[in-house]
Every structure is written in C-alpha cells, then in structure tokens.
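Inside the fold
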Amino acid sequence: MASTEMEVDTAGSAPAQDESLMQTHGKATAVRSIEGWIIIVTNVHEEADEETIQDTFGEFGEVKNLHLNLDRRSGYGYALIEYATLEEARAAIDGANDTKMLDQTIQVDFAFVRPPPGKGGRGGRGAGRRSARSRSRSRSPDAKDVKDADGDVNVEE
C-alpha cells in the first residue's frame, strides 16, 4: 500500500540551492513540488485568461504548468504557475510582484513554503491541542474508563 505522507527534502538531501533564492516575502523557505517550483499569483483580474498569464510569466522562463481560477462575482482570482527551475520561479516573483496586469496590481510569491524558524512547524488550526481524554460526544453518566493489556483506555458502560 502506498504511503499517504508527503516526503520533505531535508537540508542535506536536496541539491545545493542558494538559500536567498528560496526566501519568500514573509521570510519562509520555499519548498519544491514533485516536478518543479510553483508560484502563486493573487489579485488576478476577472478578465485575465491563460494566454495573458502565459504571455506575462513566459518572459521569466518556460511555464511547465498553469492553473487559473477566477471568481467572476468578486472580480478577483489567482493563478498557480509551475517552473522547472528555482531561478525561473525567483525571476518571475521578483519581476512580476506588485506590477499591474489588466489595471490590477498582482502579488506573486512561492505557493509552497516551510514556515520561518521560530514560527512553529506543526499543523494549522488546532493541531496537537486535543488531549488523550477528549471525546467527540458526551459520555454516559455510568461509564467507567478501563485500561486493557496494551494500556489503551476503553469505556465500559
């Protein structure tokens, strides 16, 4: 059976990369996806199309993959763009961040990041907060906790 956990490159297992190229605007460290480096473009105008995105970001390198999601109701959208190399992705971020596309200022940064040091690295909302005794439903008033041979707590009614 295949593992459901994502493999993460450790500092020693990845090819030597210039750490400054991997820094996001928030000082987090960019993480490579399976096939390349993915950037996210936010505040994309509702009338933008894939050709507009391709023309704008093709200047920085070969776009391997492009996904455009627009919300016509709010007038905003985002694009995910994949480049083969870190250098191409970094050039796109530096060259297109805070620039105008169809009269709307776009923001560009790495889509996948590791949190900056000291910001914690485990999960998001509520990760690790649940104690071993917490229950998702109320217990019967006559219920008793009984430990089995493995040390697991079972509830007997």
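Preceding this paragraph is the structure being described.
Residues numbered from 1 in each chain as written. Predicted model: local features only at pLDDT ≥ 70, side-chain atom pairs only at ≥ 80, totals over all residues. Heavy atoms only, no water.

Take helix α2 (residues 86-96) next. Within α2 the residues assigned to the buried category are Leu86, Glu88, Ala89, Arg90, Ala92, Ile93 and Ala96. Just beyond α2, the residue with positive phi is aspartate 98, at close to 60°. (Buried < 20%, exposed > 50% of the residue type's maximum accessible area, 1.4 Å probe, protein only. Helix = DSSP H or I, 4+ residues; strand = E, 2+ residues; numbered from the N terminus.)

Moving on, we get to the packing of aromatic side chains. Applying the stated criterion to the full structure yields 2 aromatic pairs. Ring geometry for tryptophan 37 versus phenylalanine 110: centroids 6.2 Å apart, planes at 65°, classification edge-to-face. Of the two residues, tryptophan 37 is situated in strand β2 (residues 37-45) and phenylalanine 110 in strand β6 (residues 104-110); the sequence distance between them amounts to 73 residues. Relative to phenylalanine 60, the ring of phenylalanine 57 lies with its centre 6.2 Å away and its plane at 55°, an arrangement referred to as tilted. Phenylalanine 60 shares its class with phenylalanine 57; the two are buried. (Phe/Tyr/Trp six-rings, centres within 6.5 Å; stacked < 30°, edge-to-face > 60°.)

So, on to the side chain of aspartate 109. Looking at the secondary structure, you find aspartate 109 in strand β6. Despite its burial, aspartate 109 pairs with no opposite charge; the closest candidate is arginine 90, at 5.3 Å N-O. With residues up to four places along the chain from it excluded, the contact list for aspartate 109 reads Thr24, His25, Ile39, Ile40 and Ile93. (Lys, Arg positive; Asp, Glu negative; His and termini not counted. Salt bridge = Lys/Arg side-chain N within 4 Å of Asp/Glu carboxyl O. Contact = heavy atoms within 4.5 Å.)

Quick look at the pairing of strand β4 (residues 76-83) now. Bridge count between β2 and β4: 8 bridges; the pairing is antiparallel. When the bridges of β4 are listed, valine 44 appears paired with glycine 77. Sheet analysis places strand β3 (residues 63-71) next to β4, joined by 8 bridges and oriented antiparallel. Pairing of asparagine 65 across the sheet is with glutamate 82, part of β4. (Pairing = 2+ DSSP bridges.)

Now for the sheet that holds β2. Reading across from one edge, β3-β4-β2-β6-β5 is the order of the 5 strands in this open sheet, with antiparallel pairing throughout. Every interior strand has two partners, whereas the edge strands, β3 and β5 (99-101), have only one. Put simply, the sheet's adjacent strands are angled 30° from each other on average, direction ignored. Of the strand pairs in this sheet, β5 and β6 are connected by 3 bridges, and their pairing is antiparallel. What sits directly across from threonine 99, in β6, is isoleucine 106. Lying over the sheet, helix α1 (residues 50-57) contacts β2, β3, β4, β5 and β6, oriented at roughly 135° with respect to β3. In the packing of α2 onto the sheet, the strands contacted are β2, β4, β5 and β6, and the crossing angle to β6 comes to about 150°. (Axes fitted to C-alpha atoms, helices over the stretch in contact; angles between N-to-C directions.)

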